[in-house]
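Commentary on secondary and tertiary structure
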Amino acid sequence: MQPVEVGGQVQQVVETRNDAGDSGIRYWFLDISDPDFLGCHWHYSAHDDRVISERLTSFVAGLPMSW
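Structural notes, computed from the coordinates. (Residues numbered from 1 in each chain as written. Predicted model: local features only at pLDDT ≥ 70, side-chain atom pairs only at ≥ 80, totals over all residues. Heavy atoms only, no water.)

Turning our eyes to something else, we now look at the packing of aromatic side chains. For the structure shown, the criterion picks out 1 aromatic pair. Considering the side-chain rings of Trp28 and Phe59, the 6.4 Å spacing of their centres and the 40° angle between planes classify their relative orientation as tilted. Remark: Phe59 occurs in helix 2 (residues 46–61) and Trp28 occurs in the loop between helix 1 (7–19) and helix 2; sequence separation between them is 31 residues. (Phe/Tyr/Trp six-rings, centres within 6.5 Å; stacked < 30°, edge-to-face > 60°. Helix = DSSP H or I, 4+ residues; strand = E, 2+ residues; numbered from the N terminus.)

This part covers the side chain of Ser45. With respect to the element layout, Ser45 can be found in the loop between helix 1 and helix 2. In this structure Ser45 touches Asp36, Leu38 and Gly39, once residues within four positions along its chain are discounted. (Contact = heavy atoms within 4.5 Å.)

The next point concerns helix 2. Residues separated by three or four positions in an α-helix point in the same direction, a consequence of the helix having 3.6 residues per turn. In this model, helix 2 (16 residues) spans 22 Å end to end at C-alpha, consistent with the 22 Å of a helix rising 1.5 Å per residue. For helix 2, the full list of buried residues reads Asp48, Val51 and Ile52. The arc enclosing the buried residues of helix 2, seen along the axis, measures out at 90°, which places them on a common side. Helix 2 presents Arg50, Glu54, Thr57, Ser58 and Ala61 as exposed residues on the side facing more than 90 degrees away from its buried surface. (Expected span 1.5 Å × (residues − 1). Buried < 20%, exposed > 50% of the residue type's maximum accessible area, 1.4 Å probe, protein only. Arc of directions from axis to C-beta.)

Next comes the structure, spelled out in structure tokens:
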């Protein structure tokens, strides 16, 4: 099974919500340039999980949250 590209549709949804005044929704692009895809059946490997989690953590840390 090949990965499905849905980024464009997701960006549209985020833009629509932002235009409607919902500033709490964001889009994060999943850069798949470094993952090795050595997990079973196209799942991410432990290496991939680390790469993705570091990138996502950095993104979330940069968000203006005040919980």
